[in-house]
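# Descriptive structure summary
One-letter residues, chain by chain:
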Amino acid sequence: MTEFWLISAPGEKTCQQTWDKLMTATTRANNLSTNNKFNIPDLKVGTLDVLVGLSDELAKLDAFVESVVKKVAQYMADVLEDSRDKVQENLLANGVDLVTYVTRFQWDMAKYPIKQSLKNISEIVSKQVSQIDNDLKARASAYNNLKGNLQNLERKNAGSLLTRMTYSKFGIWAIFPILSMNSNVILLFEDQESGLFSVTLFRKAIDDFRLKARENKFMLRDFQYNEEEMKADKEEMTRLSTDKKKQFGPLVRWLKVNFSEAFIAWIHIKALRVFVESVLRYGLPVNFQAMLLQPNKKNMKKLREVLNDLYKHLDSSAAAIIDQSAMDIPGLNLSQQEYYPYVYYKIDCNLLDFK
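Treat the numbers as computed from the prediction; the structure is a model and nothing was measured. (Residues numbered from 1 in each chain as written. Predicted model: local features only at pLDDT ≥ 70, side-chain atom pairs only at ≥ 80, totals over all residues. Heavy atoms only, no water.)

## Section: the pairing of strand E7 (residues 288–295)
Let me state the cut-off plainly: Classification of residues uses two cut-offs on accessible area relative to the type maximum, computed with a 1.4 Å probe and protein chains only: under 20% is buried, over 50% is exposed, and between them is partly exposed. Secondary structure counts use DSSP, requiring at least four H or I residues in a row for a helix and at least two E residues in a row for a strand, with both numbered from the N terminus. Whether two strands pair comes down to DSSP finding at least two bridges between them.
Of all 8 residues in E7, 7 are buried; the element is thus mostly enclosed. Note that strand E1 (residues 3–10) and E7 share 6 bridges and pair antiparallel. By the bridge assignment for E7, Leu6 is matched with Leu292. By the bridge criterion, 5 bridges tie strand E2 (residues 33–37) to E7 in an arrangement that is antiparallel. Bridge assignment links Lys37 to a residue of E7, and that residue is Met291.

Written out as structure tokens, the structure is:
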């Protein structure tokens, strides 16, 4: 499972007691999840009005940053077309795998100074990730154009057997499915379905040959040999292929670095959302414990029930929503709502969509 539940609950007498209660309910008794404390520093709270407005802005920023993280990851997979098994090992955050980074999260004080207001920190993230998104579009466009031009030339000069043009200065090439083998022609190339043959004819025999070939459902193609065009295409293919190889290494390095930057920014946004929502729900002074749960896939429903029982006293309206959704009332989509008596955000580290 690469899915995590980032939750928070108010501190009991101490935040350690809140942590111990969670561990007892979810891990020590029934192994529902693997849990880690999620460390959020003492951020500047600001005013209630600012927090309410920021809550909505952070939700939008969260979705945007996640989309950029996924775009960079997917483009990495596209670029590493012949070695997709190596994609995952290039998708790191701060030099470690994503699960390790999330479970051992530490706030980056240098990138996101906590002396700044929450609003300023969110703007730093927004500006940083927007730049990554714009750079990705430009780099991907340039590389894709280069790759596309090279593929078009390769198709022109090779292609599948049934559209293949093998260059020679002599005669007419006949391309047709292998129905019968004629000893008068020379087999140049074949695969499981078709064969490419060379046919050399006197000019006066060409029309009769065409007629007989069509009657037997053979495909014919005239070939006009142009040595200059062939040479130009070959030189252009060599140039494009060289340019592609030159761009490949720097592009992969850029993707690796900026995937890490975007993913780190994304997890900091999650931390900001937990902080803001916890203050709005649980009030001041700031007293809550943020916790990262990695659910056991077979027990996700049970884990949700246990968490509801543990924290339903925090918000009776949320508990009512959960109780009603469990009834599956026709016409209502309450079960699709992700609002719980505790602060909750999902982090899914499965970022690739392999076709």
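Still more to cover.
## Observations concerning unusual backbone geometry
With omega at 0 degrees, the peptide bond leading from Leu284 into Pro285 counts as cis. Non-glycine residue Asn31 carries a positive phi angle of around 55 degrees. The residue Asn31 is located in the loop between helix H1 (15–28) and E2 in this model. In this structure, Asn94 is a non-glycine residue whose phi angle is positive, near 60 degrees.

## Some remarks on the packing of H1 against helix H8 (residues 300–311)
For the record, the criterion: Every axis in this analysis is a line fitted to C-alpha atoms, fitted for helices over the stretch in contact. Angles between the N-to-C directions lie between 0 and 180 degrees. Note: crossing handedness is left-handed where the near helix turns anticlockwise from the far helix by less than a right angle, and right-handed where it turns clockwise. Only heavy atoms enter the contact rule, under which two residues are in contact if any of them lie within 4.5 Å. Residue type decides the class: Asp, Glu, Lys and Arg count as charged, Ala, Val, Leu, Ile, Met, Phe, Trp, Tyr, Cys and Pro as nonpolar, and the leftover types, Gly among them, as polar.
Across the interface, H1 lies against H8 with an axial gap of 10 Å and an inter-helix angle of 145 degrees. Helix-helix and strand crossings are classified by hand; for H1 and H8 the assignment is right-handed. Contact residues: Lys21, Leu22, Ala25 and Thr26 in H1; Leu303, Val306, Leu307, Leu310 and Tyr311 in H8. Across the contact of H1 with H8, the residue classes break down as 7 nonpolar, 1 polar and 1 charged.

## With respect to the pattern of salt bridges
A pair can form between side chains of opposite charge whenever their charged atoms are brought close. We apply this condition: The rule for a salt bridge is simple: a side-chain nitrogen of Lys or Arg has to be within 4 Å of a carboxyl oxygen of Asp or Glu.
Across all of its chains, the model carries 11 salt bridges by this definition. Where Asp62 meets Arg273, a salt bridge forms, and the shortest distance between an N and an O atom there is 2.7 Å. You can see Asp62 sitting in helix H2 (residues 48–79) and its partner Arg273 sitting in helix H7 (residues 227–282), a full 211 residues away along the chain. Look at Arg273 and you get buried, because its relative accessible area is 15%.

## Topic: the side chain of Asn90
Among the structural elements, Asn90 can be located in helix H3 (residues 87–90). Excluding anything up to four places from it in sequence, Asn90 contacts Met76, Leu80 and Lys256.

## Looking at the packing of aromatic side chains
To keep it simple, the criterion reads: Any Phe, Tyr or Trp ring, taking Trp's six-membered ring, that has another such ring centre within 6.5 Å forms a pair; planes under 30 degrees apart are called stacked, those over 60 apart edge-to-face, and the others tilted. Remark: a charge is flagged as sitting over a ring if the NZ atom of Lys or the CZ atom of Arg is within 6 Å of the ring centre and within 35 degrees of the ring normal.
One pass over the structure, following the stated rule, counts 11 aromatic pairs. The interplanar angle of 10 degrees and the centroid separation of 5.5 Å between the aromatic rings of Tyr340 and Tyr342 together place this pair among those described as stacked. Tyr342 carries the same exposure label as Tyr340, and that label is buried. Measuring from centroid to centroid gives 5.3 Å for Tyr340 and Tyr344, while their planes differ by 85 degrees, and the two rings are edge-to-face. You can call Tyr340 buried: its relative accessible area is 10%. One aromatic cluster is present, formed by Phe38, Tyr101, Phe105, Phe259, Phe263 and Trp266 through successive ring pairs. Geometry around Tyr340 places Arg304 over its ring, the cationic atom sitting 4.0 Å from the centre. Cation over ring: Arg304 sits above Tyr344, and NZ or CZ is 4.3 Å from the ring centre.

## Some thoughts on the confidence of the model for the protein chain
What counts, and what does not: Known as pLDDT, the predictor's confidence for each residue is given on a scale from 0 to 100.
In this model, the protein chain carries an average pLDDT of 83, and 78% of its residues clear a pLDDT of 70 or more. The low-confidence segment residues 159–183 (pLDDT under 50) makes 74 contacts with residues lying over four places distant or belonging to another chain. Between residues 324–336, whose pLDDT stays under 50, and residues either more than four places distant or in other chains, the model counts 4 contacts.

## Examining the sheet that holds strand E8 (residues 343–348)
Spatial strand order, E2-E7-E1-E8: 4 strands in an open sheet with antiparallel pairing. The sheet terminates laterally at E2 and E8, the two strands that pair on one side only. Taking the axes of each pair of neighbouring strands and ignoring which way they run, one obtains an average angle of 25 degrees across the sheet. Sitting on the sheet, H1 touches E1, E2 and E7, and the angle it makes with E2 is about 170 degrees. Against the sheet, H8 makes contact with E1, E2, E7 and E8, and its axis sits at roughly 10 degrees relative to E1, the strand it touches most.

## Things to note about H1
To keep things clear, this is the line we draw: Between the first and last residue of a helix there are one fewer steps than residues, each counted as 1.5 Å, and that sum is the expected span.
Helix length check: H1 (14 residues) gives 18 Å between terminal C-alpha atoms against 20 Å at 1.5 Å per residue, within 8%. Within the sequence span of H1, burial applies to Thr18, Trp19, Leu22, Met23, Ala25 and Thr26. Looking at the buried residues of H1, the elements they touch are E1, E2, E7 and H8.

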